[in-house]
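# Survey of secondary and tertiary structure
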Amino acid sequence: MKQVTSLQAQFLACLDQVLGGIRTPISLHEPEFTGNEWQYVKECIDTGWVSSVGKYVDALESRIAEITGAKHAIAVVNGTAGLQVAMHAVGIGAGDEVFVPALTFVATANAVSHCGATPHFIDSEARTFGMDSRALEVRLSEVAEPAPGGGFRNRQTGRRLAGVVPMHVFGQPMDIEALIEVAQRFGLPVIEDAAESLGAFRTGRHTGTFGTMGVFSFNGNKIVTTGGGGAIVTNDPALARRLKSLTTTAKRAHPWEFVHDEVAFNFRMPNLNAALGCAQLEQLTEMLRRKRVLADRFAKAFENHRAFVYSATVEGNCWLNSVRLIDASEETRNSVLQACMEAGYHCRPVWRLMHRLQMFEDCPRGELLCAEKLENELITIPSSAFLADNKELQAVT
Ligand SMILES: *Cc1c(COP(=O)(O)O)cnc(C)c1O
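Residues numbered from 1 in each chain as written. Predicted model: local features only at pLDDT ≥ 70, side-chain atom pairs only at ≥ 80, totals over all residues. Heavy atoms only, no water.

## As for helix α12 (residues 369–377)
When we look at burial in α12, the residues that qualify are C370, A371, L374, E375 and E377. Among the structural elements, β13 (321–325), α11 (330–342) and β15 (378–381) are those in contact with the buried residues of α12. (Buried < 20%, exposed > 50% of the residue type's maximum accessible area, 1.4 Å probe, protein only. Helix = DSSP H or I, 4+ residues; strand = E, 2+ residues; numbered from the N terminus. Contact = heavy atoms within 4.5 Å.)

Here you go:
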């Protein structure tokens, strides 16, 4: 028989408190389609408006602008493409260097590479798991020197320092103002990877609206989904026009002629996906409410343990709940994950840090002590909204 350590047993007992009685296996995150999804998608097919033109794409953009308070929203095929075209729009390209957190989903760093630029990895901060503005500042003081043509370059690599792409981890707002302050001193545009943080505000302001641009994802595992999709938000009208053009082959408006102004992308979200998204967005408020109920229950269940701590989210959208195993080794973390899997709870570690992935192992980086610690400590736990509807708990909480 396998030995169950007390750490594993305690961890499982906490999950049981919230998830007990729900049929297992319970996956990490599942989408939910209980509104007008079917009706809107069917309408696209019935009317023939399935592709990149249609009323749902425009409606989705208006809704995203409304929800986030951004002046403009541009729908795109997915979050990764959104990040790429956002960087392209501020002139990030071949030979440039862009600061990204080491602790992020691979798409953040991939998007930098798709622009022909090189990611430069920065440490995280232990409270929000977001990019540490002090670590960025330290790194800039180590490597930045004024470049002959203006701006700054990395004195070690010779590459132009071209931007910063911080990320709001698990939908929890990071300390974005402090980061922007550092970036501005070096003339670096900030593009927020807000892929996970739709519905997450910081001091009343929506994530993704602090930087030059913010990018959301509507992939199937995010808080609302379009199947695949994303959106870029910005308050800059010229940038919004340019993004719209860049994502739609830079075609000049004309009733019949095909004239294109530059080499651009085909990144516009299809109407079919937007239809699904419009139906999903109708349920966002209720989704956020139920996720908060679930998160509050986890916070309570995981409180007062010495070996682990629930990562509280005060202003976040509670997209993914996470727990830190204090000072854990990778081995300890894996033993807890194994016990969770065997109990039917599909918990996961955080992403393997970017500088450990083979395609990024030679990229420049600062010290990554906090990110490396979090990599061993973090476990994400089942967070689908429907888990808040647990009948056994509704009566008591
Ligand atoms: C999901 C995600 C993306 C990319 O989104 P896609 O729509 O899947 O391309 C980018 N960054 C982060 C942090 C994400 O979680």
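## Comments concerning the site of the ligand
In the vicinity of the ligand there are 14 residues, among which G79, T80, E196, S217 and K222 approach most closely. One nitrogen or oxygen atom from the side chain of T80 is found 2.5 Å from an oxygen atom belonging to the ligand. Here K222 contributes a side-chain N or O atom positioned 3.2 Å from an oxygen atom of the ligand. Contact with the protein chains removes 93% of the 380 Å² of surface that the ligand exposes when unbound. Among the detected pockets, the ligand sits in the largest pocket. When contributions to the shell around the ligand are tallied by element, the ones reaching two or more residues are α4 (79–89) and α5 (106–114). Looking at side-chain class alone, the shell around the ligand contains 4 nonpolar, 7 polar and 3 charged residues. (Near = heavy atom within 4 Å. Polar contact = N/O pair within 3.5 Å; in protein donor to acceptor, adjacent residues only side chain to side chain. Areas by Shrake-Rupley, 256 points an atom, 1.4 Å probe, with all protein chains shown as cover. 1 Å grid on protein atoms, 1.4 Å probe; cavity = no way out; pocket = protein on both sides within 12 Å on 5 of 7 lines; lining within 4 Å. Sits in = over half its atoms within 2 Å of the grid points. Nonpolar A, V, L, I, M, F, W, Y, C, P; charged D, E, K, R; others polar.)

## Overview of a nonpolar patch on the surface
Together, I45, V50 and L272 make up a nonpolar patch on the protein surface, roughly 230 Å² of accessible area in all. Examined against the element boundaries, I45 turns out to sit in helix α2 (residues 37–47). (Patch = residues over 30% accessible without salt bridge, like charges linked within 9 Å, V, L, I, M, F, W, Y side chains within 5 Å. Salt bridge = Lys/Arg side-chain N within 4 Å of Asp/Glu carboxyl O.)

## Quick look at unusual backbone geometry
Residue T24 is joined to P25 through a cis peptide bond whose omega torsion reads 0 degrees. Relative to the helices and strands, P25 is located in the loop between α1 (6–19) and α2. Residue T249 is not a glycine yet carries a positive backbone phi of 60 degrees. Relative to the helices and strands, T249 is located in the loop between α8 (237–247) and α9 (271–281). Positive phi, close to 65 degrees, is recorded for N304, a residue that is not glycine.

## Side note on the packing of helix α6 (residues 133–143) against helix α7 (residues 176–185)
Following both chains from N to C, one finds α6 and α7 inclined at 15 degrees, their axes separated by 8 Å at the closest point. The angle between the axes of α6 and α7 places the two elements in the roughly parallel class. Relative to α7, the crossing made by α6 is left-handed. Where α6 approaches α7, its residues S133, L136, E137 and L140 are matched on the opposing element by A178, L179, V182 and R185. Across the contact of α6 with α7, the residue classes tally to 5 nonpolar, 1 polar and 2 charged. (Axes fitted to C-alpha atoms, helices over the stretch in contact; angles between N-to-C directions. Parallel < 35°, antiparallel > 145°, perpendicular 65-115°, else oblique. Left-handed = near helix turned anticlockwise from the far one by under 90°.)

## Digging into empty space enclosed by the protein
With the rule as written, the count across this model stands at 3 cavities of 30 Å³ or more. As a volume, the largest cavity reaches approximately 60 Å³. If you go around the largest cavity, you meet 13 residues; those closest to its centre are P31, E32, K222, I223 and M287. When grouped by side-chain class, the residues that make up the lining of the largest cavity number 5 nonpolar, 4 polar and 4 charged. (Points joined across faces, edges and corners; volume = space filled by probe spheres on them.)

## Some thoughts on the sheet that holds strand β7 (residues 191–193)
Across the sheet, which stays open at both edges, the 4 strands sit in the order β1-β11-β10-β7 with mixed pairing between neighbours. Here the strands that pair on one side only, and so sit at the sheet edges, are β1 (72–76) and β7. On average, adjacent strands in this sheet sit at an angle of 20 degrees to one another, irrespective of strand direction. Across 5 bridges, the pairing between β1 and strand β11 (residues 230–234) is antiparallel. Among the inter-strand pairings, A73 is bridged to a residue of β11, identified as V233. In this fold α4 packs onto β1, β7, β10 (213–217) and β11, with an angle of close to 165 degrees to the strand it touches most, β10. (Pairing = 2+ DSSP bridges.)

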